[in-house]
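# Per-entry structural report
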Amino acid sequence: MTLIMVPPPETQVEHHLGVLARTCGARPALEDALTTIVDAAIELTHAQQGVLLLAKSSGKLEVTVARDAQRVSLPLHQVQISSAVLGRVMGSRRELIVTEAAEVSSMARQASIGTLGLHSILVIPVDKLPLAEALDATVAGRQSELLGVLYLDSCWPFFHLDREALRMLTRKVAMVVENAALFAALCEKARLDHEVEITRQIQRQMQPVQFPRVPELEVTGFTVECHAVGGDCLDVVKLSDRCHGLLVGDIAGKGIPASLLASLLQGLFVTIGALDLPPEEVVSRVNRYLCERSPEDCYATLFYAILDSSGRLDYVNAGHVPALIRRCSGRVETLESSNFPVGMFSDAQYTCRTTQIEVGDFLLIYTDGIPEAKNRRSEFFGEAGLRRLLQEFPGQTVDDLAEAVRAGVRAFTEGAPQSDDIAVLAVHYRGANLSTTSVRPARAMRASKARPKYPLGGRIRPTKLELPLSKRTDHGTHNDGTRIERHYCCGHERRDRVGGGKQRVPREDQRAAHGGEKEDRLERGEC
């Protein structure tokens, strides 16, 4: 007679938990870990088959793993489960053992089990691990959440059942399921973080790489996002050699939706502004586009202006905070108007205002993240703080002004968390550039003085007076009928007599005819 030593349930549980720990250490799929747990439950209870049902987002239980005593997976769609027993466990949230002998008194329940041809059913709920939460000074247990059900059936009763061992297995199921959910959430967060980073890079690349630095004005700007991406935008559009379009916009909201709308708004102004339209017409077209193609709760405030080389500033303030002009005397002026934000009403009318910026003045366009910056005492920086900063500004360049605004807000907030996005566009007007505003009159005047009125006694019709002498060619007709072609770059002259061949005027005669004009131009550096 051979005696078989059966290890106690505690030792079996420790063995299966060790196998499960080694399996989990290899980072398997969720189904592999759950399969190991179901196999362990079948071995502990000597059941014929085991099924694990997990709760889905809809609240219904769905069969996830089905195994038999030979460690073979069963087709999920062929698994039969007693709905009556399952409903009782879900209602009581306690384990339940049902046998045919115990259910004789209830004909409905007996029929539900009898149709499956089973002797015993063991069902154990899998609850979420208990958590404690603090309510004022009291620590209370939070109501557990049903994660699933472990369903075991057998053709014979469950003898020598160690319920504590089964509870340990169900707690392990809860741990595996929660870890899998956390891992899935972590992967999803990593994916979202990667997409946010790509969105941030695209938004950064859409910002101006280089701001205009021309003789009549200098421009600079910066943005500071409240989160990874922001809803503020700025841009400078070169409309012509004399005009630049200035834009600062603030989208309602924060995060990725606001950043997408900010990029759209910036692209609209770059495209529509290049059509050389008045500022009010540009803003009206942008408003109609946003009203037609964006959600109803999406809108933006903005300040759009056109500054020409003479210092004239035509601007539209669409519900935005007023821009500020810092005069050379230290006086600060506001630029505001009563217009609706864009994206709210498709039939909104926008009005344009005009002001003159003098030589040495600074223009500051910003978003409400500057005046609404708060310190640790919940005090706002406010427009008054910004005006005071401009009045006390001691710098000379536009870069000094932008850095003064950044440093002033940073010093005021004292390291408090930023509550809103910030965008700043600073402009320093240094006066009209005569070399660009009167190029053609100056060249025409120089050409008329350098060329004889009636060279060689013949009248020459000038062509392309705007070209410099070094690139100009004059054509004319001499009194004797000879056509003359004169190149001012080298003093060469070619004659073509009507009815005859071409004649070349000797070099000495050309110099005499010009009266030494070629040598004079060489000395003046015009040729």
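Okay, so let's go over this structure. (Residues numbered from 1 in each chain as written. Predicted model: local features only at pLDDT ≥ 70, side-chain atom pairs only at ≥ 80, totals over all residues. Heavy atoms only, no water.)

### Looking at the sheet that holds strand β16 (residues 353–356)
- Strand order in this open sheet of five strands is β10-β11-β12-β13-β16, and the pairing throughout is antiparallel. The open sheet is flanked by β10 (232–238) and β16, the only strands paired with a single partner. Adjacent strand axes in the sheet meet at a mean angle of 15 degrees, parallel and antiparallel pairs treated alike.
- The sheet contact formed by strand β11 (residues 243–251) and strand β12 (residues 300–308) spans nine bridges and is antiparallel. Counterpart to leucine 246 in the pairing with β12 is alanine 305.
- Packing against the sheet, helix α6 (residues 255–273) makes contact with β10, β11 and β12, and its axis sits at approximately 15 degrees to β10.
- This element, helix α7 (residues 279–293), spans β12 and β13 (312–318) of the sheet and lies at about 150 degrees to β12. (Pairing = 2+ DSSP bridges. Helix = DSSP H or I, 4+ residues; strand = E, 2+ residues; numbered from the N terminus. Axes fitted to C-alpha atoms, helices over the stretch in contact; angles between N-to-C directions. Contact = heavy atoms within 4.5 Å.)

### Describing the nonpolar core
- Formed by 26 residues in total, the largest nonpolar core has its most connected members in Leu34, Leu52, Leu152 and Val173.
- Every element with two or more residues in this core is listed here: α2 (30–45), β1 (49–55), β4 (120–127), β7 (146–154) and α5 (163–206).
- Looking at which element gives the most residues to this core, the answer is α2, with eight residues.
- The residues touching leucine 152, leaving out its near neighbours within four places in the chain, are Ala41, Ile42, Thr45, Ala47, Gln49, Gly50, Ser120, Ile121, Leu122 and Phe158. (Core = buried A, V, L, I, M, F, W, Y, C linked by side-chain atoms within 4.5 Å. Buried < 20%, exposed > 50% of the residue type's maximum accessible area, 1.4 Å probe, protein only.)

### A word on the pattern of salt bridges
- For the coordinates displayed, the defined rule picks out 20 salt bridges.
- Here arginine 285 ties to glutamate 281 by a salt bridge, and the two come within 3.0 Å at their closest N and O atoms. Taken together, the residues span about one helical turn, with arginine 285 and glutamate 281 both in helix α7 at a distance of four residues.
- Judged by relative accessible area, which is 33%, arginine 285 ranks as partly exposed.
- According to the relative accessible area criterion, glutamate 281 is partly exposed, its value standing at 27%.
- Where salt bridges share partners, they join Asp39, Glu43, Arg67 and Arg71 into one cluster. (Salt bridge = Lys/Arg side-chain N within 4 Å of Asp/Glu carboxyl O.)

### Concerning the packing of α6 against α7
- Put simply, α6 and α7 touch, their axes get as near as 10 Å, and they point 140 degrees apart. Viewed along their axes, α6 and α7 adopt a mutual orientation that is oblique. With respect to the hand of their crossing, α6 and α7 are arranged in right-handed fashion. Here α6 contributes Leu261, Leu264, Leu265, Leu268, Phe269, Ile272 and Gly273 to the contact with α7, which in turn contributes Val282, Val283, Arg285, Val286, Tyr289 and Leu290.
- Looking at the contact of α6 with α7, its residues break down into eleven nonpolar, one polar and one charged. (Parallel < 35°, antiparallel > 145°, perpendicular 65-115°, else oblique. Left-handed = near helix turned anticlockwise from the far one by under 90°. Nonpolar A, V, L, I, M, F, W, Y, C, P; charged D, E, K, R; others polar.)

Nothing here speaks to function; it is all geometry.
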